[in-house]
Amino acid sequence: MKILIQKFGGTSVSTHEKRLNVVQKIANAKKLGYYPVVVVSAMGRKGQPYSTDTLLSLITEDFKDKNLLAVDLLMSCGEVISCIVMSNELNNQNIASVPLTGGQAGIITDDNYSNASVISTECDNIIRILKEDKVPIVAGFQGISEKGFITTLGRGGSDVTAALLGAALKAEEIEIYTDVDGIMTADPRIVSNASLIKEISYNEVFQFADQGAKVIHPRAVEIAMRANIPLVIKNTMNNCNGTIINSAGDQNSDNVITGITHMSDRVQITVEHDLNKNNSYYYELFDILAKNLISIDLINVFPKEKIFTIDKKDFNKFNKIINNLKINYSKVDSCSKIAIIGSRMRGIPGVMAKILKTLTKEGIEVLQTADSHTTIWCLVEDKNTQKSINALHREFCLSK
Ligand code: ADP
Ligand code: ASP
Ligand code: MG
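Model, not experiment: these values are computed from the prediction. (Residues numbered from 1 in each chain as written. Chains lettered and ligands numbered in written order. Predicted model: local features only at pLDDT ≥ 70, side-chain atom pairs only at ≥ 80, totals over all residues. Heavy atoms only, no water.)

## Quick notes on the site of ligand 2
The immediate surroundings of ligand 2 are formed by Ser 41, Ala 42, Thr 52, Glu 79, Phe 141, Arg 155, Gly 156, Gly 157 and Ser 158. Here a nitrogen atom of ligand 2 sits 2.6 Å away from a polar atom, N or O, in the side chain of Glu 79. Note that an oxygen atom of ligand 2 is positioned 2.7 Å from one of the side-chain N or O atoms of Arg 155. Relative to its unbound accessible surface of 260 Å², ligand 2 loses 84% to contact with the protein. (Near = heavy atom within 4 Å. Polar contact = N/O pair within 3.5 Å; in protein donor to acceptor, adjacent residues only side chain to side chain. Areas by Shrake-Rupley, 256 points an atom, 1.4 Å probe, with all protein chains shown as cover.)

In structure tokens, the structure reads:
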């Protein structure tokens, strides 16, 4: 049985017209002799009636904080509605299908609500449905805990559902359908002439996804890589070949940089030794933050100061803890961590110099940098994000 996973994102299933394209993709797969297993996201984006964000706006923040189980139950409704509506569309075109919740599809998780980890994927129901020559339509982004409660897998988690099912069913391929032609050298909403990356390695795309490119969930990349199943990102609305993600990537490219992405809403924190030298908590700062589950990055430790960034959503918690401990600090609000990614930059001199020269020429202040073998990060103020990414994209000739 040649199984193909086809995952359709929120915008792909948001209107009847778009869903007809989805039906076409499923019918084509069947024509080619595949047994498609379909995964869907909640319909539409923020503001549209059944999207995850719209559902979340129905309840108050203090209720959310105290009722984690209820929040997951609410969020799961978007994907459940979506899989039933999609099943109806297929039925109208004489394609038999069965809508399934994540739990019915065998996604068993722990009970870490809103970001549950998957314990096992038990595909008996799906296999039974495939043997009846019907198409399983699985509600993405959700599972069921061992105690029987509905859980969700983290925002953007329908990609994770697709990868999990791909690995468990030993699928030939995992297709992720979305509203862009594939993975681009930068978010096309930021760089209008970003170009399509035709082939990319799991490792590089993981960097992209992990550093803020929303187009695919990093955990989905990891799962597909471990199972060695090719992932393909395609546009629901056309027949472009999309981006193929596999272990080799593009062996022929000679550009040291593959693409640029960013994470906004970072706050840069500086804690100076001289202002805190009589405070013993200064020396335990990182430990205190870890114990309070505040994650930090771009960490630079110098004899006279510690500099790092935190997510804006953690700032109030951070501020409360640090003020209680009477630690003095300064901050730069609203920063953006730009990631310049390329596995071929390893050992090539001058990449960082070129980045800094480009940003300086544009009058953009670089607040902090960090680098690894495959990525260089620059922290800039949020207001400079678009300008920085466009300048770097131009300088590294990423538009074709
Ligand atoms: P879906 O609902 O289909 O899962 P997402 O919104 O999660 O869609 O992901 C698709 C979006 O990712 C695109 O609309 C695009 O703006 C954004 N994106 C960010 N970075 C990139 C990139 N490098 N290449 C392509 N799309 C990107
Ligand atoms: N609907 C969920 C979200 O908006 C999951 C997904 O779209 O993948 O995060
Ligand atoms: Mg997505």
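## A look at the state of the cysteines
For the structure shown, the criterion picks out zero disulfides. Looking at Cys 123, it has no disulfide partner, and the nearest cysteine sulfur is the one in Cys 83, 16 Å off. On the accessibility criterion, Cys 123 (6% relative accessible area) is buried. Looking at Cys 397, it has no disulfide partner, and the nearest cysteine sulfur is the one in Cys 378, 18 Å off. The exposed category is assigned to Cys 397, whose relative accessible area is 59%. (Disulfide = S-S within 2.5 Å. Buried < 20%, exposed > 50% of the residue type's maximum accessible area, 1.4 Å probe, protein only.)

## Quick word on the UniProt feature "binding site: ATP" (unreviewed entry) in the protein
Under the UniProt annotation, "binding site: ATP" (unreviewed entry) lies at Lys 7, Phe 8, Gly 9, Gly 10, Thr 178, Asp 179, Arg 189, Lys 214 and Val 215. Here Phe 8 shows up in strand S1 (residues 3-8). When you line up the elements, Arg 189 lands in the loop between strand S9 (173-178) and strand S10 (199-201). Those residues in contact with Arg 189, other than ones at most four positions away along the chain, are Arg 45 and Gln 386. (UniProt positions renumbered as here; feature names shortened; annotations may be inferred. Helix = DSSP H or I, 4+ residues; strand = E, 2+ residues; numbered from the N terminus. Contact = heavy atoms within 4.5 Å.)

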